[in-house]
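# Reading the structure
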Amino acid sequence: MTRASLTISIPDDVWIGRISRSFPNVEMIILSAFPGDETATGLVEISGADVAGAIEAFEAEDTVTELDVLNRGEDATMIQIETTEPTLLFPIVGSGIPLEMPFPIREGEARWIVTCSHDRLSELGAQLDAVGIPYTLHTLDHDYGAESLLTDDQRTLIETAIEEGYYDVPRTCTLTELADVAGIAKSTCSEKLHRAESKIVLAFATDSET
């Protein structure tokens, strides 16, 4: 499993990138986005020096078919938009990666964080290249840790097994002894360990194949 952060340089021919560059002192935070068959709907929080001007620019775009102001605050305004050209979402949909929300857009650049396999990350890069969207990969973290894979009970049992010496070579703690320390039946202990170990091994094998 891989966690990556990227900066997406949105081209001027993509309307939201063009608007963002026209209002360099305005930040747009995409709170949520849903691509449909012909249009996409997004929830956007806009803040900065010229929020009203940015909203007018949104309304003037031919590809923005609907815009509703949901909330006007002192620091930010929240709008809901519908667009016929959700170009920025195409690479995400094409690669099958769940994009973490919210993400900011400022001066034509979006910052994305994704968690996926190496294969899907490579596919995301290919999809971005296909629609002509440049990107910069900032961080790439490999995470095989139990915290991201296991339930709380599974993680606790694995940690106990390590502390008691169940995984030492040679082993200094038997399954029966581990079950006693954990306060569970031997059969339950065996099943929980097997499920936890299976998750860890499969995650390692999936990432190693890429």
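The coordinates are above.
The following paragraphs examine the structure supplied in this document. (Residues numbered from 1 in each chain as written. Predicted model: local features only at pLDDT ≥ 70, side-chain atom pairs only at ≥ 80, totals over all residues. Heavy atoms only, no water.)

### Description of the pattern of salt bridges
So the rule is basically this: By definition here, a salt bridge exists when the distance from a side-chain nitrogen of Lys or Arg to a carboxyl oxygen of Asp or Glu is within 4 Å. Numbering of helices and strands runs from the N terminus, with a helix taken as a DSSP run of H or I at least four residues long and a strand as a DSSP run of E at least two residues long. Throughout this description, buried means an accessible area under 20% of the type-specific maximum (1.4 Å probe, protein chains only), exposed means over 50%, and partly exposed covers the range between.
By the definition in use, this model includes 4 salt bridges. The salt bridge involving arginine 18 is made with glutamate 61; its shortest N-O contact spans 2.9 Å. Taken together, the positions of arginine 18 in helix α1 (residues 15–22) and glutamate 61 in the loop between α2 (51–60) and β4 (64–72) put the pair 43 residues apart, joining distant regions of the chain. When its relative accessible area of 32% is taken as the criterion, arginine 18 is described as partly exposed. For glutamate 61, a relative accessible area of 15% translates into the label buried. Arginine 195 is the partner of glutamate 191 in a salt bridge, and the nearest nitrogen-oxygen pair spans 3.3 Å. Here glutamate 191 pairs with arginine 195, and both are found in helix α8 (residues 186–208), just 4 residues apart, close to one helical turn. With a relative accessible area of 45%, glutamate 191 lands in the partly exposed category.

### Things to note about α1
Note the threshold: Any two residues whose heavy atoms approach within 4.5 Å at even a single point are treated as in contact.
Along α1, the residues classified as buried are Trp15, Ile16, Gly17, Ile19 and Ser20. Close packing links the buried residues of α1 with β2 (26–35), α2, β4, β5 (76–83) and β6 (103–106).

### Some remarks on a negative patch on the surface
Selection criterion: For patches, a residue must show more than 30% relative accessible area and have no salt bridge; joins then use 9 Å for like charges and 5 Å for nonpolar side chains, namely Val, Leu, Ile, Met, Phe, Trp and Tyr. Here the accessible surface of atoms and residues is derived via Shrake-Rupley with a 1.4 Å probe, and residues count as covered only by protein chains that are part of the display. Charge convention: Lys and Arg are scored as positive, Asp and Glu as negative, and His as well as the terminal groups of each chain are ignored. By convention, the charge on Lys lies at NZ, on Arg at CZ, on Asp at CG and on Glu at CD.
A cluster of acidic residues, Glu159, Glu163, Glu164, Glu177 and Asp180, forms a negative patch at the surface. Breaking the negative patch down by element, the ones donating at least two residues are α6 (152–164) and α7 (175–182). Here the negative patch gets 3 residues from one element, more than from any other, and that element is α6. For glutamate 163, the location among the structural elements is in helix α6. Judged by relative accessible area, glutamate 163 falls into the exposed class, the value being 65%.

### With respect to unusual backbone geometry
Omega for the peptide link from methionine 101 to proline 102 comes to -5 degrees, which places this bond in the cis form. Structurally, the position occupied by proline 102 is in the loop between α3 (90–95) and β6. Residue proline 170 follows valine 169 across a cis peptide bond; omega there is 0 degrees. As for its position among the elements, proline 170 is in the loop between α6 and α7.

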